[in-house]
Amino acid sequence: MKYISDYRDADLTQGLLQELRDCITQPWVVMEICGGQTHAFVRYGIDQLLPKHLTLVHGPGCPVCVTSLELIDKAIAIAAREDVIFTSYGDMLRVPGTERDLFSVRADGGDVRVVYSPLDAVRIAQKHPDREVVFFAIGFETTAPANAMSVVQAKALGLENFSLLVSQVRVPPAMHAILGSEESRVQGFLTAGHVCSVMGYWEYPPIAERYGVPMSVTGFEPLDLVQGLLDVVQMLEAGDVAVHNSYSRAVTFEGNQLAQKLLANTYETCDRAWRGIGVIADSGWRLNPAFEFFDAEKRFDVGDIQSKESEVCIAGEILQGLKIPTQCPAFGSLCTPEHPLGATMVSSEGACAAYYRYRRSPSSE
Amino acid sequence: MSADSIKMEGSVCPVPLQHEQKIVVGHGSGGRMTARLIAQRFLPAFDNEALAKGDDAGVVELAEAGRIAVSTDAHIVVPLFFPGGDIGSLAVCGTVNDLAMVGAQPRWLTASFILEEGLAMTSLEAVIASMQAAAREAGVTIIAGDTKVAEHGKVDGMFISTAGVGWVPPGRCISGAGAQPGDVVLLSGTLGDHGIAVLAARGDLEFEVELESDIAPLNSMVEAILAAASGVHVLRDPTRGGLATTLNEIAFQSGVTIRLKENELPLRPAVSAACEMLGFDPLYVANEGKLTAIVAPEDAEQALAAMQHSPYGSDACVIGQVEEGPAQVVMETVIGGTRIVDVLAGEMLPRIC
Amino acid sequence: MCLGIPGKVLETYQQDGLLMGKVDFGGAVRESCLAYTPDIEVGEYVIVHVGFAISTLSEKEAQETLEALRSVYLLEEELGPEEAG
């Protein structure tokens, strides 16, 4: 595919990596905050080709990983109901709740269906007017327009049997929380390219200014990732603080204004609990009053849920970039993809799963 | 087991209607309807003496002395029919290939059917015809079988279970434990065709590809490879779990590291595109007409040529090598990095991240 | 949040009040919602995430970026190792 293979060019990528090695003169810590980028760094083996001075840490950019335990338990409770067809993106099926996951709800006879697009869930609601169809609307700003369109469509089509279980999270408040934390050692940022395709990158210059952290809007192919890193390191070396766009083929400063408008008409900001981190103010979106009828949390009685995390899991520290997976005592032993203790090991973009799948041990090549 | 000739029908007659359009529970009862089903549908297609005798087991003569190989498999696929094949050809070729991978010459198969009440007779006929065509191509005969009918909804149309028996010529010793450092890893063709073709045909994810399943019997390719090269250490067909899972099994059985080159992996654009879209890794997608051969380096050229000149092997290529090291599979990525290729954990699901 | 890939728009149509299109991802074709890229034309490229085009792909920017990178970072290749910086 034309716009994929060009950005996987080995010679060009290696050329940029060489430049990165040549230009770096002191240690820097750079964070990326997108599960897709975490996955790509490790899957292409780029993280091992980086100069020793550069420490790449992974932020809480995996919407699957950060969806709160309470919400997962609510999803499971709703999915187990006989009158419900529970629809979800594939990523969520194996995430452990307090007792079990959505996969085991399906094994017990629950009607849990994987959909590729939220519009597929709307179609299921049209096809089954006698059943309640719930869609698990997780995601960052990238997925928000799609999720929001499903409920806008449902309303337009008069589908009363459709509802959303919303777990939308926003990147800028998370960046404030991370960069504003006393323990933060993050000096540079790669911003999530597709979040910026939707939102633009007008939200970032004030954040970069406030914390003195240069940023580069970065894509997902090997060339994009190294280009973004090189850009940030060049700024760090020069002492510049700015926000650059290293993904200009898919991102503009203003972003997709049509999408932003629909989001403003469908959602309103709210506080949200990030699994492993805690509540971050204004970091989420929920359905606004015009769409209250379609809110699954209001439609189904799932108030009385007791959630409990594993005591061993350090996903929170990993999601904040304070530790990397190989520093977790349970990594690869008590906690593996087959029996995960936390979401970061389940989701294929979770840092722990990515490290396990592509790296396995701290001492491997 | 002669065909029943009574044709009386109607509410006064105790003999059931001659159900010709759909499978009903009576077809599995073991009585007259079962007999008629076997006589009219199965016997003419799987035309051989052992089966036609109608005894509880098929008896055949093994002319050569030596070892026999036995394999067994159950086949479940939705939908039953898809571009490039169906559950019937899948069942026959899958069994033939299991035998071929240990160096056996496949001879006889059994086929046990669990049919769903309500299955269209034309579907059963089509599957039987497909099995006979595959069996003929592979040079095997189906000498024993069974038919049961399950209630509507308990089975997805039909399930087929097979066993295969083959003869292993003396001196052949092909096993997953045979890979040695220095060996060359060969692959007979493009990855992921079957898995993606079936997924597209299933329709849930609603995408279209111009792609057919690669279901094929590989026993003649195996014979060609073994005739051309003496140092063939491992043969395996990467079915469920894909090439990654298969190579990991071999790495563990042999206690070696297998190093792949991502650039060398043959992929059809349709498979590549579908995998990108869904977030799948083609290394984990099922194949049903491909094999990987691990051969001594001095034999690699001949083995590869034999594969390329076989039916179904025109895209055969070298994809890696075997090294000393921990039991694992590693891969040099397209940009020159390295990563570990793990076994498949659970089911592959489309992802958003 | 990120699995978005470029695809070429083959055709567009209305369905249930939404602008939809058939998008080709290089050999796999899927229906995608184009409501967020209403000015897209057949033959142009979009980035698709969960069945929705979230942005157009600027071929101009794509080309310019590649050219710029190639001119700087492939120079060493052409010069050869003895002449590289």
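Here, residues in each chain are numbered from 1, in the same order as that chain's written sequence. Whichever chain is written first becomes A and whichever ligand is written first becomes 1, with later ones labelled in order. Residue-level local features of this predicted model are given only where pLDDT is at least 70; pairs of side-chain atoms are given and counted only at 80 or more, and the full residue set underlies all totals for whole chains, interfaces and linings. Calculation of side-chain values draws on the structure's entire complement of heavy atoms; hydrogens and water are dropped beforehand.

1. Examining the pairing of strand β6 (residues 158–168) of chain B
All names here are of chain B.
- Between any two strands, pairing holds if DSSP finds at least two bridges. Labels follow the DSSP assignment, with helices taken as runs of H or I lasting at least four residues and strands as runs of E lasting at least two, numbered in each case from the N terminus. In terms of strand pairing, strand β1 (residues 67–75) meets β6 through 9 bridges, oriented antiparallel. By the bridge assignment for β6, His 75 is matched with Ile 160.
- Pairing of strand β4 (residues 105–116) with β6, which is carried by 10 bridges, proceeds in the antiparallel orientation. Residue pairing across strands places Thr 110 opposite Ala 163, the latter belonging to β6.

2. Details of the sheet that holds β6(B)
Residues and elements named next belong to chain B.
- The mixed open sheet is built from 4 strands, whose spatial order is β1-β6-β4-β5. Here the strands that pair on one side only, and so sit at the sheet edges, are β1 and β5 (141–150). Here the average twist between neighbouring strands, direction ignored, is 15°.
- Seen against the sheet, helix α4 (residues 121–138) touches β4, β5 and β6 and runs at an angle of roughly 15° to β6. The axes are straight lines fitted to the C-alpha atoms, using for helices just the contacting stretch, and the angles between their N-to-C directions are given from 0 to 180°. Whether two residues are in contact is decided by their heavy atoms: any pair within 4.5 Å suffices.

3. Some points on the interface of chain A and chain C
- With 52 residues of chain A at the interface, the matching set in chain C holds 41 residues.
- Two parts lose some accessible area (1.4 Å probe) when they are put together, and adding that loss for both gives the buried area. Around 3800 Å² of area is buried between chain A and chain C when both sides are counted, 65% of it from carbon and sulfur atoms.
- In this structure, the salt-bridge partner of Glu31(C) is Arg123(A), at a minimum N-O distance of 3.1 Å.
- Any pair of nitrogen or oxygen atoms within 3.5 Å is treated as a polar contact; in protein, a donor-acceptor pairing is required on top of that, and neighbouring residues in sequence qualify only through side-chain atoms on both sides. The interface formed by chain A and chain C holds 13 residue pairs in polar contact (both at pLDDT 80 or more) in total.
- Elements that contribute at least two residues to the side of chain A that touches chain C include exactly α1 (2–5), α2 (10–23), α3 (35–43), α7 (118–127), α8 (144–156), α10 (193–199), α12 (222–238) and α13 (257–266) of chain A.
- With 6 residues, the top contributor of residues to the side of chain A that touches chain C is α2(A).
- Each residue receives one of three labels: charged for Asp, Glu, Lys and Arg, nonpolar for Ala, Val, Leu, Ile, Met, Phe, Trp, Tyr, Cys and Pro, and polar for the others, Gly being one of them. Residues that form the side of chain A that touches chain C fall into these classes: 29 nonpolar, 16 polar and 7 charged. The term salt bridge refers to a side-chain nitrogen of Lys or Arg lying within 4 Å of a carboxyl oxygen of Asp or Glu.

4. A look at the packing of α3(A) against helix α17 (residues 351–358) of chain A
Residues and elements named next belong to chain A.
- Running from N to C, α3 and α17 point in directions that differ by 15°, and their axes come no closer than 9 Å. The orientation of α3 with respect to α17, classified from their angle, is roughly parallel. The two elements α3 and α17 meet at a crossing, and its hand is right-handed. Facing α3, whose interface residues are Thr 38, His 39, Val 42 and Arg 43, α17 presents Ala 351, Ala 354, Tyr 355, Arg 357 and Tyr 358.
- Classifying every residue of the contact of α3 with α17 by side-chain character gives 5 nonpolar, 2 polar and 2 charged. For this classification, under 35 degrees means roughly parallel, over 145 means roughly antiparallel, 65 to 115 means roughly perpendicular, and everything else is oblique. Each crossing gets its handedness from the near helix: less than a right angle anticlockwise from the far helix is left-handed, clockwise is right-handed.

5. So, the packing of aromatic side chains
- Note on ring pairs: Phe, Tyr and Trp rings are taken, using the six-membered ring of Trp, and paired if centres are within 6.5 Å. Classes follow the plane angle, with under 30 degrees stacked, over 60 edge-to-face and the rest tilted. Under the counting rule described, the total for this entry stands at 13 aromatic pairs over all chains.
- Note on Phe331(A) and Tyr356(A): the rings are 6.1 Å apart at their centroids and 75° apart in plane angle, and the pair reads as edge-to-face. Remark: Tyr356(A) occurs in helix α17 and Phe331(A) occurs in the loop between α15 (315–319) and α16 (343–346); sequence separation between them is 25 residues.
- Aromatic pair Phe42(B) and Phe113(B): ring centres 4.9 Å apart, planes at 50°, arrangement tilted. With Phe42(B) in helix α1 (residues 32–45) and Phe113(B) in strand β4, this residue pair connects regions lying 71 residues apart in the sequence. In this pair, the class of Phe42(B) matches that of Phe113(B), namely buried.
- An aromatic cluster of three or more residues is present, and its members are Phe291(A), Phe293(A) and Phe294(A).
- For a Lys NZ or an Arg CZ to count as sitting over a ring, it must be within 6 Å of the ring centre and within 35 degrees of the ring normal. One cation-aromatic arrangement involves Arg107(B) over Trp108(B); the distance from NZ or CZ to the ring centre is 5.9 Å. Three exposure classes are used, based on accessible area relative to the maximum for each residue type with a 1.4 Å probe and protein chains only: buried under 20%, partly exposed in between, and exposed over 50%.

6. Here's the deal with the nonpolar core
- Counting residues in hydrophobic clusters, the biggest one holds 154 residues, and the most contacted among them are Phe86(A), Phe162(A) and Tyr204(A).
- Each residue touching Tyr204(A), except ones within four places of it in the same chain, is listed here: Val171(A), Pro172(A), Met175(A), Thr191(A), Val195(A), Cys196(A), Met215(A) and Val243(A).
- Only buried residues count toward a nonpolar core, which is a set of Ala, Val, Leu, Ile, Met, Phe, Trp, Tyr and Cys residues joined through side-chain atoms within 4.5 Å. Among the nonpolar cores identified, the runner-up in size contains 35 residues, and Leu37(B), Ala91(B), Ala135(B) and Val140(B) belong to it.

7. Let's talk about the interface of chain B and chain A
- Contact residues are listed per partner, giving 28 residues for chain B and 41 residues for chain A.
- Across the chain B to chain A interface the summed buried area is about 2800 Å²; carbon plus sulfur atoms make up 54%.
- Run the count over chain B and chain A and you get 3 salt bridges.
- The partner of Glu206(B) in a salt bridge is Arg123(A), and the shortest N-O contact between them spans 3.1 Å.
- At the junction of chain B with chain A, the criterion picks out 8 residue pairs in polar contact (both at pLDDT 80 or more).

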